[in-house]
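Okay, here's what each chain looks like letter by letter:
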Amino acid sequence: MRRVALALALVGLVLAAQLGRAQPPAGWLYWTDSEYYTVSRMSLGGGSPELLADYSSQYAAPRAIAVDAVKERITYGLLEQGSIYLVIANLDGSDSVRHSFPSALTFGINAIALDESRGYVYWTDPYHRQIVRASRDAADPSIVLVTGEALHEPTSLAWDPVSGRLYW
C-alpha cells in the first residue's frame with residue numbers, strides 16, 4: 001500500500017510539473033549523443049531525426065540537454081578538449097553561443113534543468129560533486145549545492161515549476 005501511495009504521489013508531481021511548464025513547440029524530442037558527438041531532434045509525429053549540431057570532427061562530446069519553450073532555445077553541455085561549455089542555441093540548432101566556465105567552478109555537465117519562469121539554468125557537475133546555477137544567458141554562475149560523499153555523481157535533475165523546487 002505504501003508503494004502504491006508513493007507511486008501515485010510521484011505521478012502527481014510529474015503531472016503538476018508538466019501542467020505548469022510550457023511544452024516544446026511543435027512536439028519535438030531533443031537529445032545529445034556522446035558516442036557520435038551530435039545533438040539531434042525528431043518530431044513526435046514521426047519522421048527522420050534532424051541533426052542540429054555535429055561535433056564529430058572536433059571530438060567534442062555533447063552532454064545533457066534541456067528545452068526552454070518560453071525563449072524557444074535549447075541548452076546543452078559540451079566537453080571539448082578538457083574544457084566545459086554551456087551551449088545555448090535556437091530550437092533548430094542555429095545561432096549557438098558557447099559559454100565557458102573556470103574549471104574551479106565546474107568541470108562537467110551530466111544533467112541540465114531549466115527554471116523558465118525565473119530564467120535560471122541548473123546543471124550537475126560530477127567532477128566536483130555539485131549542482132551549479134547560472135542565469136539563462138550563463139551569466140553569474142554559482143554553486144547551489146555540494147553533494148559531496150552523499151551523492152558521488154549527480155546525474156539527473158528536474159525542476160518543478162509549481163513548487164519552485166529542484167530535484168536530483
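Just above sits the structure.
Residues numbered from 1 in each chain as written. Predicted model: local features only at pLDDT ≥ 70, side-chain atom pairs only at ≥ 80, totals over all residues. Heavy atoms only, no water.

(A) Quick look at the sheet that holds strand β4 (residues 61-68). One open sheet holds the 4 strands; their spatial order is β4-β5-β6-β7, and the pairing between them is antiparallel. Because the sheet does not close on itself, it has two edges, and the strands there are β4 and β7 (97-100). On average, adjacent strands in this sheet sit at an angle of 25 degrees to one another, irrespective of strand direction. Bridge analysis of β4 against strand β5 (residues 73-80) gives 7 bridges, and the strand direction is antiparallel. Bridge pairing in β5 places Ala 61 opposite Leu 79. (Pairing = 2+ DSSP bridges. Helix = DSSP H or I, 4+ residues; strand = E, 2+ residues; numbered from the N terminus. Axes fitted to C-alpha atoms, helices over the stretch in contact; angles between N-to-C directions.)

(B) Local environment of unusual backbone geometry. Residue Tyr 37 is not a glycine yet carries a positive backbone phi of 60 degrees. With respect to the helices and strands, Tyr 37 occurs in the loop between β1 (28-33) and β2 (38-43). Backbone geometry places Tyr 59, a non-glycine residue, at a positive phi of 50 degrees. Inspection of the secondary structure puts Tyr 59 in the loop between β3 (50-54) and β4. Exposure remark for Tyr 59: the relative accessible area of 60% places this residue in the exposed category. (Buried < 20%, exposed > 50% of the residue type's maximum accessible area, 1.4 Å probe, protein only.)

(C) Fine view of the side chain of Asp 115. Tracing the backbone shows Asp 115 in strand β8 (residues 112-115). Given the relative accessible area of 1%, Asp 115 is considered buried. In terms of polar contacts, Asp 115 uses its side chain to reach the backbone amide nitrogen of Arg 118, at 3.1 Å. Beyond its immediate chain neighbours, meaning those up to four positions away, Asp 115 contacts Tyr 120, Tyr 122, Arg 136 and Trp 159. (Polar contact = N/O pair within 3.5 Å; in protein donor to acceptor, adjacent residues only side chain to side chain. Contact = heavy atoms within 4.5 Å.)

(D) Region of interest: the pattern of salt bridges. Taken as a whole and judged by the stated rule, the model has 4 salt bridges. Between Glu 50 and Arg 41 there is a salt bridge whose closest N-O contact spans 3.3 Å. Here Glu 50 falls in the partly exposed class, since its relative accessible area comes to 29%. By relative accessible area, Arg 41 is classed as buried at 10%. A salt bridge links Asp 68 to Arg 136, with the nearest nitrogen and oxygen atoms 2.7 Å apart. Of this pair, Asp 68 sits in strand β4 while Arg 136 sits in the loop between β10 (130-135) and β11 (142-146), placing them 68 residues apart in sequence. (Salt bridge = Lys/Arg side-chain N within 4 Å of Asp/Glu carboxyl O.)

(E) Molecular detail of the sheet that holds β1. Taken in spatial order, the 3 strands line up as β1-β2-β3 in an open sheet, and their pairing is antiparallel. Each edge of the open sheet is held by one strand with a lone partner, namely β1 and β3. Taking each pair of neighbouring strands and ignoring which way they run, the sheet shows an average axis angle of 20 degrees. Here β1 pairs with β2 via 6 bridges, running antiparallel. Its bridge partner being in β2, Trp 28 is matched across the sheet by Ser 43.

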